[in-house]
Amino acid sequence: MAGFPIEFATRIKTLPPYLFAAIDKMKQEAIARGVDIINLGVGDPDLPTPAPIIERMKLAAAEARNHQYPSYEGLLSFRQAVAGWYKRRFGVTLDPATEVLTLIGSKEGIGHVPLAFIDPGDVVLVPSPGYPVYPVATGFAGGTSYIMPLKKEHRFLPNLAAIPKDIAKQAKLLFLNSPNNPTSVVADKDYFKKVVAFAQEHQIIVCHDAAYSEIYYDGQPPASFLEVEGAKEVGVEFHSLSKTFNMTGWRIGFAVGNKQVLAGLGKVKSNLDSGVFQAVQEAGITALESGDYLVDGLRKIYQERRDVFVPGLRQLGLDVELPPAAFYVWIGVPNGYTSASFTAHLLEKTGIVSTPGNGFGEPGEGYIRMTLTTSKERLAEALERMRKTGF
């Protein structure tokens, strides 16, 4: 029987290659050539999920009641644990029934939220360089991304004053990310106050991605967007257990804040997914109720790595700031290189996988991103390889 041409939809044909899939392909090609790879490209924690979380999962997975479909909004007990954690960590009060929504990881929620609020032609304000899901999700919903370039002269934060009035009037959503991927920059409460005022003036829903809020250094915890007066009236905050508790493969996160925004996202989710496996939610409760003792050890390890790697990069003559949070290092490329050519140089000459800054958006040109998700011994080896090879 003869086949027929299978043609992708325009939304798929116009997609750029997913950044980290392209990096993985480069890595696999190098491995096939026999290169000893040091992978500093993808932010996937290398440390195991803490044992108490695993033990809770084992027990919960054996319980028959957890083998059925979960509720769409998530177990009330999980949402209560989220609300309790928010109160302890940020001093923010949440109603578990209406102001907390369980997600299959924060990526899923971020990817779905434009479907609830964006019609074809609507404008979404998107930071760049930034997480690729923001513009992709906007495009899937038929919206148009207006790029807010993150520039060094504005501390790599969106310059809200530079957004044209006619664009702000058309905008329906604003994506924000602090601590930031890829720059690791942290927004303070004063900046969040400006965001709330901007959103109220132009009636824009704020979607703040706070997935890295618990990976911070020097005892300086980042603020929540919801700590600012009026924030709950204009937006929501997305969190993930992936980075905080090394649970990337478990796929559990949550969104909190404005109940109408969460209700809209919940309607999308109830039509497209069937919720998070209840045993995973029970393990998430153990994580959230553990206090800081599980996370303190992880932060200490990442800080040791940061304090070895960043001074070493500076000694090599590279332009890099000490990241205050997250596990990313945002590095200016040496003279004579582009983001892509420096990434290729490092892979071919040293076996180090990094991420070109322009892969996060054109304003990221001139930078590369490296991660701290490998041992400090391997980071020291990466520095030595770069020292020997040079730029």
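The structure presented is a predicted model; accordingly, all values stated were derived computationally and were not measured. (Residues numbered from 1 in each chain as written. Predicted model: local features only at pLDDT ≥ 70, side-chain atom pairs only at ≥ 80, totals over all residues. Heavy atoms only, no water.)

Q: So what exactly am I meant to see when it comes to the side chain of Thr-355 here?
A: Here Thr-355 shows up in strand E12 (residues 355-356). Taking the relative accessible area as the measure of exposure, Thr-355 reaches 0% and is therefore buried. (Helix = DSSP H or I, 4+ residues; strand = E, 2+ residues; numbered from the N terminus. Buried < 20%, exposed > 50% of the residue type's maximum accessible area, 1.4 Å probe, protein only.)

Q: Even after reading the chapter, I still don't get the packing of aromatic side chains, so can you show me in this structure?
A: Applying the stated criterion across every chain, the model contains 18 aromatic pairs. Ring centres 5.6 Å apart and planes at 80 degrees place the aromatic pair Trp-85 and Tyr-86 in the edge-to-face group. The burial state of Trp-85 is the same as that of Tyr-86; both residues are buried. Where Phe-192 meets Phe-225, the ring centres are 5.6 Å apart and the plane angle is 80 degrees; that geometry is what we call edge-to-face. Separated by 33 residues along the polypeptide, Phe-192 in helix H8 (residues 189-202) and Phe-225 in the loop between strand E6 (205-209) and helix H9 (231-234) bring together distant segments of the chain. With relative accessibility at 0%, the residue Phe-225 sits in the buried group. Each residue in the set Phe-78, Trp-85, Tyr-86, Phe-90 and Phe-254 is aromatic and connected to the rest through ring pairs, giving one cluster. (Phe/Tyr/Trp six-rings, centres within 6.5 Å; stacked < 30°, edge-to-face > 60°.)

Q: Teacher, can you tell me more about the pattern of salt bridges here?
A: Side chains bearing opposite charge may pair, as long as their charged atoms lie close to each other. Summed over the entire model, instances satisfying the criterion amount to 26 salt bridges. In this structure, Asp-273 and Lys-269 form a salt bridge, with 2.9 Å as the shortest nitrogen-oxygen distance. Considered together, Asp-273 and Lys-269 belong to a single accessibility category, that of buried residues. Among the ionic pairs, Glu-381 bridges to Arg-385, the shortest N-O distance being 2.8 Å. You can see Glu-381 and its partner Arg-385 sitting in helix H15 (residues 376-389), four residues apart, about one turn around the helix. Assessed through its relative accessible area of 16%, Arg-385 is described here as buried. (Salt bridge = Lys/Arg side-chain N within 4 Å of Asp/Glu carboxyl O.)

Q: Before we go on, may I ask you to explain the nonpolar core in this structure?
A: Soluble globular proteins tend to bury their nonpolar side chains together. Phe-78, Tyr-86, Leu-125, Phe-225 and Phe-254 are the most contacted members of the largest nonpolar core, which totals 61 residues. Examining the composition of this core, we find that seven residues originate from one element, helix H4 (residues 76-90), more than from any other. Core analysis: the second largest hydrophobic core is formed by 28 residues, Leu-40, Ile-215, Leu-346 and Leu-372 among them. (Core = buried A, V, L, I, M, F, W, Y, C linked by side-chain atoms within 4.5 Å.)

Q: I'm lost on helix H6 (residues 133-140) in this one. Help?
A: Along an α-helix, residues three or four positions apart point the same way, because every turn accommodates 3.6 residues. Within H6, the full set of buried residues consists of Val-133, Tyr-134, Ala-137 and Thr-138. With its buried residues spanning 135 degrees around the axis, H6 presents them on a single face. Immediately beyond the C-terminal end of H6, within one or two residues, lies Gly-142, with a positive phi of roughly 90 degrees. (Arc of directions from axis to C-beta.)

Q: What's the story with the sheet that holds strand E2 (residues 100-103) in this structure? I'm lost.
A: Whether parallel or antiparallel, the strands of a sheet pair through hydrogen bonds between backbone atoms. Taken together, the seven strands give an open sheet; going across it, the order is E2-E8-E7-E6-E5-E3-E4, and neighbouring strands pair in mixed fashion. For this open sheet the edge positions go to E2 and strand E4 (144-149), each flanked by a neighbour on one side alone. Averaged over all pairs of adjacent strands, the angle between strand axes in this sheet comes to 20 degrees, irrespective of strand direction. Summarising the sheet, E2 and strand E8 (residues 253-257) pair through four bridges and their orientation is antiparallel. Bridge assignment links Leu-103 to a residue of E8, and that residue is Gly-253. The sheet strands contacting H4 are E2, strand E7 (235-240) and E8, and the helix crosses E8 at an angle near 65 degrees. Most of the contacts of H8 go to strand E5 (residues 171-177), to which it runs at about 170 degrees, and overall it touches strand E3 (123-128), E5 and E6. (Pairing = 2+ DSSP bridges. Axes fitted to C-alpha atoms, helices over the stretch in contact; angles between N-to-C directions. Contact = heavy atoms within 4.5 Å.)

Q: Honestly, the sheet that holds E12 in this entry has me stumped. Any pointers?
A: The strand order across the open sheet formed by four strands is E9-E10-E13-E12, and the pairing between neighbours is antiparallel. Bordering the open sheet on either side are strand E9 (319-320) and E12, each of which pairs with just one other strand. Relative to strand E13 (residues 367-371), E12 is paired through two bridges, and the arrangement is antiparallel. Looking across to E13, one finds that Thr-355 is bridged to Arg-369. Packing of helix H14 (residues 339-350) onto the sheet brings it into contact with E12 and E13, and relative to E13 it is tilted by some 40 degrees.

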